[in-house]
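# Topology and contacts: notes
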Amino acid sequence: MRKVCFIIPDGTGIRNYLYSNLPKRLIENGCEIILLHAISTAAIDEINAVNAINFKSIKLPLYAETKYQKFLREVICYARLSRNKKLTNNESILTNWKPKKNSISKSIFYGLVEFFGKKISSDYDKILKYETKYQKSLESSITAFEDLLNDLKPDLVFSTHQRSMNAIPIVAAAHKLNIKTIGAIFSWDNLPKARLSVRTNEYVVWSEYMKKELISYYPEINDNNITVTGTPQFEFYYNKNNIYEKDVFYKKFDLDSSKKIICFSGDDELTSPYDSIFLNDIAEVIDEEKLNAQILLRRAPVDISGRFDVIKNKFPEIIKVATPLWNFDKNNLENWQIIYPTYEDIKLLISTAYYCDAVINLGSTMAHDFAMFQKPAIYFNYNPVYSNDWNVETIYQYQHFRSMGDLDPVLWLNSKEDTKLILDKALNQPTLDNEKWLNRIAEFRENASHNIANKIIACI
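About the cut-offs
- Residues numbered from 1 in each chain as written.
- Predicted model: local features only at pLDDT ≥ 70, side-chain atom pairs only at ≥ 80, totals over all residues.
- Heavy atoms only, no water.
- Helix = DSSP H or I, 4+ residues; strand = E, 2+ residues; numbered from the N terminus.
- Rg over C-alpha atoms; globule rule 2.2 N^0.38 Å.
- Buried < 20%, exposed > 50% of the residue type's maximum accessible area, 1.4 Å probe, protein only.
- Contact = heavy atoms within 4.5 Å.
- Areas by Shrake-Rupley, 256 points an atom, 1.4 Å probe, with all protein chains shown as cover.
- Lys, Arg positive; Asp, Glu negative; His and termini not counted.
- Charge placed at Lys NZ, Arg CZ, Asp CG, Glu CD.
- Core = buried A, V, L, I, M, F, W, Y, C linked by side-chain atoms within 4.5 Å.
- Salt bridge = Lys/Arg side-chain N within 4 Å of Asp/Glu carboxyl O.

What follows deals with the overall build of the protein. Assigned secondary structure in the protein consists of 18 helices and 15 strands. Here the C-alpha radius of gyration of the protein, 23 Å, is about what a compact globule of 460 residues would show, namely 23 Å. Over its C-alpha atoms, taken along the principal directions, the protein stretches across nearly 65 × 50 × 40 Å. Split into buried and exposed, the 460 residues of the protein put 57% on the buried side. When contacts within the protein are restricted to residue pairs at least 6 apart in sequence, those whose partners lie at least 24 apart make up 73%. On the protein, roughly 20,200 Å² of surface is accessible, and the fraction owed to carbon and sulfur atoms is 48%. Across the protein, 57 positive and 57 negative side-chain charges occur, with their mean positions spaced 5 Å apart.

What follows is the structure, encoded as C-alpha cells:
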C-alpha cells in the first residue's frame, strides 16, 4: 500500500483538504493517509469523524528556528515583496510587511533585514542565493524530521499550506531523503505576499490565473511542475446535504420569511477596524427607509471582540446573528494550531449563502461563496471615519483584486447615502460578472479533490 503523508501544520487547511473528498479518493486508489500535524486532539477527532476513519496521526517534532534561519527567511521575504512591488507596480504589496518592532533588539534585527532585503531586491540571482543559503541552513535542524520519515517511509508528502513554519522542516527532510513532495497554495491572495516558505517538488493551484502568478513571482519554478487542479473548498456547495432545510434555517436565526436577507460578513479587526460602523450604517438605512430587509451577521470566526454587540442590541428586529462554528481558545487566538472550523460550520456557511439574497462586506472572499449560488456581493468603498493608519483605498489596491480585470463582479457602496440605491440593485438580482470572476480565479470547483488525488497518485 502506498503511503501519503499529509502535513497539517495548523487548523486552517483542515476544511479545504481533510473535510473534502480528497482523503476518500486516495483511499479508494489504495493509499494509506498519515497525518503529520501540529493541531489539537479535538481537531484530529473531528477529522476522523467526518471521514468515518481513524487516520494514523503523528505529532510533528518541535521545530526551533535559529536566529540565522529567521534572518535569512525574513530577508528573502522583504526582498521578494520589494521585487513584487516593482514587478506589479503596486505599492500596496509592501503592506504585507508587518514585523513587530516592539523592542530595541527587534528594531535592530528588522532594520538589518530591511537593509539587506532592499539591497538584493533588484538582483533576482542574489535572492536565489539567499534562498539556497536558507535551505542549506535547515539541514542542521531537521534530524528529528528525517528520523520520522525514515520510520514511516512514505511515498509522498503533501503540504496543505505554503507558508507555515511547522511545515518547513518536514518538507526539507523529505527533500534530503528524496521523498517526493507536493504543495498546495492555500488561498487566492497568498502569492504576492512573498511567503512561499515551503518549497516542494510540485505545486497544485486553483487556476491558470494562479499558475501565471506563481511563475511570475517565482520564475525558477518550472511550469511543468505546476498543475491546475482547483481547490476543494468549493466542492461542498454541490452537495445538497450541506444545506439546512429552509424552516430550520429561518427558525435557527429568528429570521422573518417575508423579508429579504442581507448577510453582513465581518473581517478581522486588523483588516477592517470599522466593521461595527459599517454595520450600524446599513441597519440605520434599513430602519429609516423602512426597507423590507433584515441582516444576518456572520462575524469573522476569530473576532470575539464584542464590537458588534451594541449595534445588534440597537436593532434587534433587523440584525440577527449566525455565529461561526469554529473551535479555538479565546485566550490564545494567535495560535492557529488549535483554531479550526467544524464541519457543521461548512453547512452553516453554505446555507447562509443559499438563503441570503446578497452579501455585504469589505472586500471579503465571501463574494466568491455567494457567487456559487449566483448571489450578488456589495463591497464597502468609503471611509466611515478619518484615520491616519487605515483607509479603504489601500484595501482595494491589494494585488488579488486586480484579478477582477475588466469584469464588473461586485456592487460598490461608495457612501452611506448610496445605501438604499445599492441595496435595491442587489436585492433585485443585478446582472454582475461575479461568476466570471470566480471562474477566473478558481477552476474545477466540482472535482478539485479528484484532480489533486490524481496528481498525487501520478507522482508516486
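Formed by 157 residues in total, the largest nonpolar core has its most connected members in Phe6, Leu36, Phe158 and Trp437. Per element, the largest residue contribution to this core is 8 residues, and it comes from helix 4 (residues 67-88). With residues near it in sequence (within four places) discarded, Trp437 still touches Trp188, Ala367, His368, Tyr379, Phe401, Ser403, Met404, Leu407, Pro409 and Val410.

Tallied over the full model, the rule gives 21 salt bridges. Lys320 serves as the salt-bridge partner of Asp254, at 3.2 Å between the closest nitrogen and oxygen. With a gap of 66 residues between them, Asp254 in the loop between helix 10 (246-252) and strand 8 (260-265) and Lys320 in strand 10 (residues 319-321) connect regions that are remote in the sequence. Connected via shared salt-bridge partners are Arg80, Glu131, Arg199 and Glu220.

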